[in-house]
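# Secondary and tertiary structure notes
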Amino acid sequence: MCGIVGIYNNEEASTLAYQCLYALQHRGQEGVGISTYNGSKIYSEKGHGLVSEVFSNRKKLQKLHGKFAIGHNRYSTHGEKSSINIQPLVFNYKDSQIAIAHNGNLVDLDPIKHRLEEKGALFQTTSDTEYIIHLFAHSKESTIEGKILDALRQVKGAYSLVILFNDKMIVARDKYGFRPLCIGRLNDTVIFASETCALDLLGAEYERDVDPGEMILLDTNQVKSYKIDDPQPRHCIFEYVYFSRPDSRIFGEYVDKTRRKIGKILALEKPVEGADIVISVPDSSNTIALGYSQRSDARFEIGLIRNHYIGRTFIHPTQEMRDLSVKIKFNSIGGVLNQQKVVIVDDSIVRGTTLKKLVRMIRDKKPAEIHIRIGSPPVKYPCIYGMDFPSEEELIANQREVAQIREYLEVDSLEYITVKGLIDSTSLPADHFCTACFTGKYLDSEENY
Ligand code: AMP
């Protein structure tokens, strides 16, 4: 998962990066870092926790000198949770330094690792991002941009990247465009960010997305675009379902609009006859539930209240903590649910933990019936490109049929949107999306089910 940002040419670069990271906090809450360049060296500040925690002291931002900044919100899907893996990663290179921030997961790294170690590479972190730096350092190309291109052409998998090398900023997106990355402008400042909500916060103008397979180099006298590889868009559809913020525009469409459409199509595909109310699991399924109610006779209601002051359920590493956190996070409203035929609309079921607990909580309020409708098809396979899904054994839809999941959740009915319905909710054709978590068909990798 993760969020990335790049600020090029602003006296307040570190503050702008900090503000963007605030807007991208939903993309990773485990750690955060900012690196800047001031004409002679790279300054970095990073740590575990939220942006507000790591940068609670303004002095930290003031120490980040320079007009060029890159930043990263971490949500580890590769490498340990240790602080050496908090990005931007900074390496010495000849008489300079290079800093890199990465969103996505690289795949099939073993042959590259073997090759690099044979040549004497010493890995400093357990992050996949470091491979790019080693490939860069070993490249025979003569220019910085040539070396980075050379490195990127050797790796497989998902990457949206920002790199800082002296006063050069280099951004890149893999040929599939798995993860989003946009370009904005604020007067003479160029901004790169995972999602457009970061541009909105700064009042910057959205210019365009970095294209799949494109690398862009900015330095004081040029902006140059390079082709890493032929584009072959396969965006992560889960960015629309769950991960991105609804107010962002990614892959050419607003997330909010797509989520409403998911709800509408779900209502048409999987109606609930005679339902009284539709409720969401706030906040992630709010818009999908709203769309669902607009295409059904049941009215949209708020039946669950969320406490906003705790992290996402997945952040807690042990099962017991995850169970408890569902209770801390939600409570149900008796006056809304009592005696009603309720449709709960959620964006996805991963392990099934959240819904199991929520159904119990809702059942306590004595509704007439409980029906569940899900805005994504059953998640049956792990994601190797950076979405945080657990192993097959932990994915409930990998282990059980839909009817068994319904039984496990103890509800009157359970239905999911189809893969076609989900794709029809977007404005792009089916072959522009990666749907490996539903189908098991992975791109560009040995792993296929
Ligand atoms: P569970 O079924 O209890 O494992 O959690 C499902 C809920 O977690 C969904 O309703 C989403 O809101 C949220 N979710 C979905 N995908 C992810 C993910 N990759 N990482 C973290 N949370 C997720």
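Residues numbered from 1 in each chain as written. Predicted model: local features only at pLDDT ≥ 70, side-chain atom pairs only at ≥ 80, totals over all residues. Heavy atoms only, no water.

### Details of the overall build of the chain
Across its full length, the chain carries 17 helices and 26 strands. Taken over the C-alpha trace, the chain has a radius of gyration of 22 Å; the compact-globule value for 449 residues is 22 Å, and the two agree within 12%. In terms of principal-axis extent, the alpha carbons of the chain reach across some 70 × 45 × 40 Å. Out of the 449 residues in the chain, the part that is buried amounts to 58%. Between the centroid of the 56 positive side chains of the chain and the centroid of its 59 negative side chains there is a distance of 2 Å. (Helix = DSSP H or I, 4+ residues; strand = E, 2+ residues; numbered from the N terminus. Rg over C-alpha atoms; globule rule 2.2 N^0.38 Å. Buried < 20%, exposed > 50% of the residue type's maximum accessible area, 1.4 Å probe, protein only. Lys, Arg positive; Asp, Glu negative; His and termini not counted. Charge placed at Lys NZ, Arg CZ, Asp CG, Glu CD.)

### Some remarks on the packing of helix α5 (residues 129–138) against helix α6 (residues 144–152)
Their axes nearest at 8 Å, the elements α5 and α6 cross at an angle of 125°. One element, α5, and the other, α6, form an angle in the oblique class. Read as a crossing pair, α5 and α6 show a hand that is right-handed. Facing α5, whose interface residues are Ile 132, Leu 135 and Phe 136, α6 presents Ile 144, Lys 147, Ile 148, Ala 151 and Leu 152. (Axes fitted to C-alpha atoms, helices over the stretch in contact; angles between N-to-C directions. Parallel < 35°, antiparallel > 145°, perpendicular 65-115°, else oblique. Left-handed = near helix turned anticlockwise from the far one by under 90°. Contact = heavy atoms within 4.5 Å.)

### Things to note about the sheet that holds strand β25 (residues 413–416)
Taken in spatial order, the five strands make up an open sheet running β20-β19-β23-β24-β25, and their pairing is parallel. Looking at which strands have only one partner, the edges of the open sheet turn out to be β20 (299–301) and β25. Neighbour-to-neighbour, the strand axes of the sheet open up by a mean angle of 25°, direction not taken into account. Set on the sheet, helix α10 (residues 286–294) makes contact with β19 (277–280), β20, β23 (341–346) and β24 (369–374); between it and β19 the angle comes to about 165°. (Pairing = 2+ DSSP bridges.)

### Concerning the packing of aromatic side chains
Across all of its chains, the model carries 16 aromatic pairs by this definition. Each ring, one from Phe 238 and one from Phe 438, has its centre 6.3 Å from the other, and the planes form 45°; the classification is tilted. Within this pair, whereas Phe 238 is found in helix α8 (residues 238–243), its partner Phe 438 is found in helix α17 (residues 436–439), the two being separated by 200 residues in sequence. The burial state of Phe 238 is the same as that of Phe 438; both residues are buried. Ring pairing ties together the aromatic residues Phe 238, Tyr 242, Phe 243, Phe 389 and Phe 438, which thus form one cluster. (Phe/Tyr/Trp six-rings, centres within 6.5 Å; stacked < 30°, edge-to-face > 60°.)

### Overview of the nonpolar core
Core analysis: the largest hydrophobic core is formed by 47 residues, its most contacted members being Phe 238, Tyr 292, Val 345, Tyr 385, Met 387 and Phe 389. For this core, the secondary-structure elements that each account for two or more residues are α8, α9 (255–269), α10, β23, α16 (419–424), β26 (433–434) and α17. Of the residues forming this core, the biggest block, five residues, is contributed by α9. Not counting residues up to four positions away in its chain, the partners in contact with Phe 389 are Phe 238, Val 350, Val 379, Tyr 381, Pro 382, Cys 383, Leu 395 and Cys 437. Residues Tyr 93, Ile 144, Tyr 159 and Leu 217 belong to the second largest nonpolar core, which totals 31 residues. (Core = buried A, V, L, I, M, F, W, Y, C linked by side-chain atoms within 4.5 Å.)

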